[in-house]
Amino acid sequence: MAVTIYDEPQKYSSAGNPLMFTFSSDETGQPNFSFIVEVYVNGSLHSTHQVFRQFNTLSKFDCSGILSSTLSSPLIVDGTLTTFYDSAINEYYIIVYEKYGATPTIQASDTSATLYAFNGSFRHQEWIDWDYQEYNADTASPSIPVKFMTSWPRAKRYFCGLNERIFLGILCDDSQIYLRAKLYDSTGSLITSSIVSAVLNEFIVFDASPSILIANTTITTLDFDSCAYYTIEAGQLTGLPPTFTPASEAFRIDIDLECHRYDTKRLHWLNKFGVWDSFTFTLVSVDSTNVESFGYQRERGVWDNTSYTYPLYQGERVTFAKRATDQLILNSDWISQEVQQWLVRELYESPVVYLEQENATEFEPVNITNSSYQFKTRRRDGLIQEQITIERTYSYTSQLN
């Protein structure tokens, strides 16, 4: 009697893609044979499933539907610099039993490794090439800096205003990691740097906004006044005296110091990694409103004592209420084809989008109404700009007439 688990997902995998296990038994010829699969989430039994033999002595089980229903990625705007993103990642494992006999009973079993599913979802081509070590700050290959969890084109400048917000996520595989911020002036000279410890957990989100760095590190407002760009790194402190050893890329964020002609609008959206991407639309925006009327048609005329008259004021078509839905058209500045292609794919396909308000402490949920997009290229389209239409989620209903 033996059950063997052959294939498992990677240690860290996206819950929006298959989390497939394959397993077999050497007793599949027994009467009434089946596999019993128990799924454990965060150490507790979530559900039990019966699975029958599918190929020779083998069968398979996909946990993605179970894990994805347990995850969520809230926007963290409480001013915390580093946050364990516990709602967006869960620990799980399965136990596979064999069950058979004239009166079927549970027999031998095998237990999978303890794995982690995060609230991400990749296109098929990206998913089959996924390697969590590329995003794991505790990687066994420190010579290859791991990436923060965004697909922003790294060769392009990523802008953030002094009063805007920006978020970065990283996997850290249960090791204590530290965050280092380094500020540079326009000549590339270092202004200052600061190192802070991050929470000890598997999935961390950094609020790397200038205002949050000022509030939580030794970096001051005066430092940012002369800053042209800054970098964010995750790594370890080693040796005596402690030395910061980078484990991640140095993600560059340029300070947007341009005096804009129009009011800017910054959007934050849930990206495919389950973290938050951001982009500011700097050209003119257009507010509009769709108004829907609700009414009825009544008989003409009114009684006036013994006469039936037709006064002008009485009206035939009556509106008893109206509902207004606001829309906003946003226009980007001129952007590169790499940024445009990143923007439309990540933003238009995101299920959750927020509009950052002026004080960067309030975030309004909005819906992107663009139903299709096209990858633009400089050779075909010349100067590239992107226009999106968002629908405000709060409608207005008038008083009843």
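Residues numbered from 1 in each chain as written. Predicted model: local features only at pLDDT ≥ 70, side-chain atom pairs only at ≥ 80, totals over all residues. Heavy atoms only, no water.

(A) Fine view of the overall build of the protein. Helices and strands together make up the secondary structure of the protein, namely six helices and 28 strands. For 401 residues, the compact-globule estimate of 2.2 N^0.38 gives 21 Å, and the C-alpha radius of gyration of the protein, at 28 Å, exceeds that figure by more than 25%. Dimensions of the protein, computed from the C-alpha atoms along their principal axes, are close to 100 × 70 × 45 Å. Residue burial in the protein is summarised as follows: out of 401 residues, 46% are buried. For the protein, contacts bridging at least 24 residues in sequence account for 68% of all contacts bridging at least 6. As presented, the protein carries roughly 20300 Å² of accessible surface, and 49% of it is formed by carbon and sulfur atoms. Taken together, the 28 basic and 48 acidic charged side chains of the protein have centroids lying 9 Å from each other. (Helix = DSSP H or I, 4+ residues; strand = E, 2+ residues; numbered from the N terminus. Rg over C-alpha atoms; globule rule 2.2 N^0.38 Å. Buried < 20%, exposed > 50% of the residue type's maximum accessible area, 1.4 Å probe, protein only. Contact = heavy atoms within 4.5 Å. Areas by Shrake-Rupley, 256 points an atom, 1.4 Å probe, with all protein chains shown as cover. Lys, Arg positive; Asp, Glu negative; His and termini not counted. Charge placed at Lys NZ, Arg CZ, Asp CG, Glu CD.)

(B) Region of interest: the packing of aromatic side chains. All told, the structure shown has 32 aromatic pairs when counted by the stated rule. Ring geometry for tyrosine 12 and tyrosine 132: centres 5.4 Å apart, planes at 40°, overall tilted. Pair noted here: tyrosine 12 is in strand β2 (residues 12-14) and tyrosine 132 is in the loop between α2 (124-128) and β11 (159-160), with a separation of 120 residues, a long-range link. Summarising the aromatic geometry, the rings of tryptophan 152 and tyrosine 158 are spaced 4.5 Å apart at their centres and angled 15° between planes, so their arrangement reads as stacked. The ring of tyrosine 229 is capped by arginine 252, whose NZ or CZ atom sits 3.7 Å from the centre of that ring. (Phe/Tyr/Trp six-rings, centres within 6.5 Å; stacked < 30°, edge-to-face > 60°. Lys NZ or Arg CZ within 6 Å of the ring centre and 35° of its normal.)

(C) Looking closely at the pattern of salt bridges. Taken as a whole and judged by the stated rule, the model has 16 salt bridges. When the shortest N-O distance is used, the salt bridge between aspartate 173 and lysine 11 registers 2.8 Å. Residue aspartate 173 is located in the loop between β12 (167-171) and β13 (178-184), and its partner lysine 11 is located in the loop between β1 (3-7) and β2; the two are separated by 162 residues in the primary sequence. Put simply, glutamate 233 and arginine 180 hold a salt bridge, and the shortest N to O gap is 2.9 Å. Remark: arginine 180 occurs in strand β13 and glutamate 233 occurs in strand β16 (residues 229-238); sequence separation between them is 53 residues. The exposure class assigned to glutamate 233 is buried, which follows from its relative accessible area of 7%. Its relative accessible area of 15% is what places arginine 180 among the buried residues. (Salt bridge = Lys/Arg side-chain N within 4 Å of Asp/Glu carboxyl O.)

(D) Focus on the sheet that holds strand β6 (residues 58-62). The strand order β1-β3-β6 describes an open sheet built from three strands, whose pairing is antiparallel. Only two strands of the sheet have a single neighbouring strand rather than two, namely β1 and β6. For this sheet, the mean inter-axis angle between neighbouring strands, taken without regard to orientation, is 30°. Looking at chain direction, β1 and strand β3 (residues 20-25) are connected through four bridges and run antiparallel. Pairing of valine 3 across the sheet is with serine 25, part of β3. (Pairing = 2+ DSSP bridges. Axes fitted to C-alpha atoms, helices over the stretch in contact; angles between N-to-C directions.)

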